Every structure is written in C-alpha cells, then in structure tokens.
Amino acid sequence: MTGEDSAWFDEDAGPLARPYTFTRGRTHVARDDLNMITLVVALRRFHRGELDHAHERILECCQDPISIAEVAAGADLPLGVVKVLLSDLIEQNYVIFRTGLAKHSSATSPDTLQKVLDGIREL
Amino acid sequence: MEFVSSDRTIRPAINATALKILIAGGFGVGKTTLVGSVSEIEPLRTEEQLTERSTGVDDITGVEQKRTTTVALDFGRITISHELILYLFGTPGQDRFWFMWDELAQGALGAIVLADTRRLASCFAAIDFFEERNVPFVVGVNCFDGSQMYTVDEVRGALDVDPFVPVLLCDVRRRESTKDVLTALLQHIMSLTGHAQRAAADN
C-alpha cells in the first residue's frame, strides 16, 4: 500500500485486523506499572486450551525473564495489547513482573552507571 | 551483520534492573545499524498505537477528532550481567508521532542523537525533545560514506547544542565506533549525575 489515499476503504474503517480484538476491545485496563522494559516471567506451565490463544501466545514468550517489548515483538502484537493481556495473566498468577524503572536517569545509582559503562567497554 | 551472540548466554534474574537508551535521528541515518552493531540479538521490532487528539477547526461543535497511528521501534539488547540488562531503542525516523510517545523518554538513561551532515535539520526535533524532557544526550555524527564533510565544531555550531553536550564523529557500522558513542554517553550521564549530587550536597 502506498498511502491512505490509495486505500479502498475510508479512514474510519481503521486497520483491517484490529489488534484490540484480542483484548475484547479493552484498551485502558492495563496496569499502569507496566512499561516496555518491565521484565516478566511465567510462573507456571499451562495446558493447551486452558487459556485463549492470544494469552497462550504471550505466555509462551515469557518462559524466561524477558522485557515486555520483547514479548510484543515475539508475539507480533502492539505493546498496548500485550500490556492488557499481561495484566490479565498477572492477575491470574500466571506471570510475575518486576518494574525497577526509575522515573529519571538521575535516579540510577553511580554504581549501576559504572557497571553499564564497564559492560559496554567489554563488548 | 555480526552480533555479539546469537542466543542469550546469561539468563537474567526476574529482579534484574532493565535500563534503556534511545537512539534518535532522521530517516535513514543509521539508527537500526547502530543498534545492530552492539546488540546480542538481531534487532527486533515492536509497535505501539498512538492516538492523536486534535480539536476540530469548527469550535462550535467542540468535537474532538481522534486519529490512531501505528509507530514502530527497532530495538536490541545488551545483557551486562544476570542482574543488569540494557535495551537500545531506535526511534522511528520519518514519523512525527513518536514525539507523542511519553513512555519512550520516561526513565530513559539517556539518548544518542544520530546526525547526518547532509541533512542536519532532520535531528533538530529529537534534540528539542530530549532537551525539553531533561534526557541526557550526545550527538553522534555518522560518517558512513567515509568522507567527513564538516568538523565537530561546525556541526556543534549548526545544531546549537549546549557546550557541555558531547558531539563526536562515528561510523555506526563498526562495533568499536558505536561503543565509543555509548561510552561518551555514559560518561556524560555520570558527570551530570555527579554535578547534581554535589549540588544537592551543597544545599
């Protein structure tokens, strides 16, 4: 597609596959303590069919601790959708998360900054 | 392209600290190349849907018009230790909507503004964005065609950045060069943090 003007549908039609179908239209129920680099990990295994397909897709991506951005890339879903689905999984104890994100870089300790610097130099 | 490691060798702990650095600049300047030159994974892509709110020209109606835009980010990862992970996010070059993505800048350790001397103006918006939000940044002048058209001082003058903001030449196809830019950013952040802490101690 070269641009919206060449599309046969009008702008109100929106994308042909609406990502928020996966969340049953919910866009604002994601926990506000989840961000793109929040780490999540699955707590327990699940049986096929125990959850709906979208939730299972998310759960499969986070068997090891992984950032929400990586989950979204792995599941090929927008970040906002993934946050809603992860909120469900956290609520149902399938997933735990850790958000250590500082509000501003000045809150990062000099010790941590030094470790990052050393890590970059060792690459 | 060569990556540091094709699979994760260090399994991060769930209580690990995750940090992010943003890579911004105009379209085609080499942001994803920079990410790929130091990332342990092939750069991944994630998307977010942003809603632009614009009030109609006809104010009598008072109706807010909304428009949803999908904005994509390419990102990579450097696992420093099992308790420290650094993510590098390349902001989209062409799309003006990433400036509405508040979560991007929130908590960012700092940013690299990648400049192309043939199109210097294309990084003004990113510089303004980081200055407004007090995100520490350095400017990397990507000399990917091998020719250096301007000196660092000329670029600094043209971009009108504060004298304490590091401006350096780089070739982000090379890992060592990208490491130099990241190192300059970390040292810049540490010097700013040091100043802030000394200022707090003086009060």
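Just so you know, these numbers come straight off a predicted model, no measurement behind them.

1. As for the overall build of chain B
Okay, so step 1: The number of helices and strands found in chain B is five helices and seven strands.
Okay, so step 2: Secondary structure elements of chain B occur, N-terminal to C-terminal, as β-α-β-β-β-α-β-α-β-α-β-α.
Okay, so step 3: Relative to its 203 residues, chain B shows a buried fraction of 39%.
Okay, so step 4: Sequence separation of 24 or more characterises 73% of the internal contacts of chain B that already satisfy a separation of 6 or more.

2. Remarks on the nonpolar core
Okay, so step 1: Membership of the largest hydrophobic core comes to 79 residues, with the highest contact counts inside it found for Ile-58, Ile-68, Val-71 and Val-82 of chain A together with Ala-111, Ile-112 and Val-113 of chain B.
Okay, so step 2: The leading source of residues in this core is helix α3 (residues 79-91) of chain A, at seven residues.
Okay, so step 3: In contact with Ile-58 of chain A, not counting residues within four places along its chain, are Val-71, Ala-75, Val-82, Leu-85, Leu-86 and Leu-89 of chain A.

3. Remarks on the pairing of strand β6 (residues 137-142) of chain B
On any regular strand, side chains alternate: one points to one face of the sheet, the next to the other face.
Residue and element names in this part refer to chain B.
Okay, so step 1: Burial analysis of β6 places six of its six residues in the buried class, the great majority of the element.
Okay, so step 2: Going residue by residue along β6, you find Phe-137, Val-139 and Val-141 tucked away on one face and Val-138, Gly-140 and Asn-142 tucked away on the opposite face as well.
Okay, so step 3: When strand β5 (residues 110-115) meets β6, the two strands line up parallel, connected through five bridges. Considered in β6, the bridge of Val-113 is made with Val-139.
Okay, so step 4: Note on the crossover from β5 through helix α3 (residues 124-132) to β6: the handedness is right-handed.
Okay, so step 5: The pairing of β6 with strand β7 (residues 167-170) spans four bridges and is classified as parallel. Counted as the bridge partner of Asn-142 is Cys-170 from β7.

4. Re the packing of helix α1 (residues 31-38) of chain B against helix α5 (residues 175-202) of chain B
Residue and element names in this part refer to chain B.
Okay, so step 1: Closest axis-to-axis distance for the α1/α5 pair is 9 Å, and the angle between their directions is 100°. When the interaxial angle is binned, α1 and α5 end up roughly perpendicular. From α1, Leu-34, Ser-37 and Val-38 reach across to α5, where they touch Arg-175, Thr-178, Lys-179 and Leu-182.

5. What about the confidence of the model for chain B?
Residue and element names in this part refer to chain B.
Okay, so step 1: When pLDDT is averaged across chain B, the result is 85; 86% of the residues are at 70 or more.
Okay, so step 2: pLDDT under 50 marks residues 55-60. Its contacts with residues more than four places away, or in other chains, come to four contacts.
Okay, so step 3: Two numbers describe this predicted complex: its pTM, 0.85, and its ipTM, 0.86.

6. Description of unusual backbone geometry
Peptide bonds are trans in most cases, and residues, glycine excluded, mostly fall at negative phi.
Okay, so step 1: The backbone of Asp-76 of chain A sits at a positive phi, close to 55°, despite the residue not being glycine.
Okay, so step 2: The topology assignment puts Asp-76 of chain A in the loop between α2 (68-75) and α3.
Okay, so step 3: Under the C-beta neighbour-count criterion, Asp-76 of chain A is labelled exposed, with 12 such atoms within 10 Å.
Okay, so step 4: Even without glycine at this site, Asp-160 of chain B takes up a positive phi of about 55°.
Okay, so step 5: Relative to the helices and strands, Asp-160 of chain B resides in the loop between α4 (152-159) and β7.
Okay, so step 6: Judged by local crowding, Asp-160 of chain B falls into the exposed class, with 8 C-beta atoms found within 10 Å.

7. Here's the deal with the sheet that holds strand β2 (residues 66-67) of chain A
Residue and element names in this part refer to chain A.
Okay, so step 1: Ordered by their spatial adjacency, three strands build an open sheet running β2-β1-β3, and the pairing between neighbours is antiparallel. Edge strands, defined here as strands with exactly one partner in the open sheet, are β2 and β3 (95-98).
Okay, so step 2: Taken together, the four bridges between strand β1 (residues 39-42) and β3 define a ladder with antiparallel strand orientation. Its bridge partner lying in β3, Val-40 is registered against Phe-97.

Basis of the calculations
- Residues numbered from 1 in each chain as written.
- Chains lettered and ligands numbered in written order.
- Predicted model: local features only at pLDDT ≥ 70, side-chain atom pairs only at ≥ 80, totals over all residues.
- Helix = DSSP H or I, 4+ residues; strand = E, 2+ residues; numbered from the N terminus.
- Buried ≥ 20, exposed ≤ 12 C-beta atoms within 10 Å, placed from the backbone.
- Contact = placed C-beta atoms within 7 Å.
- Core = buried A, V, L, I, M, F, W, Y, C linked by C-beta atoms within 7 Å.
- Pairing = 2+ DSSP bridges.
- Right-handed = clockwise from strand over helix to strand, strands pointing away.
- Axes fitted to C-alpha atoms, helices over the stretch in contact; angles between N-to-C directions.
- Parallel < 35°, antiparallel > 145°, perpendicular 65-115°, else oblique.
- pLDDT = per-residue confidence, 0-100.

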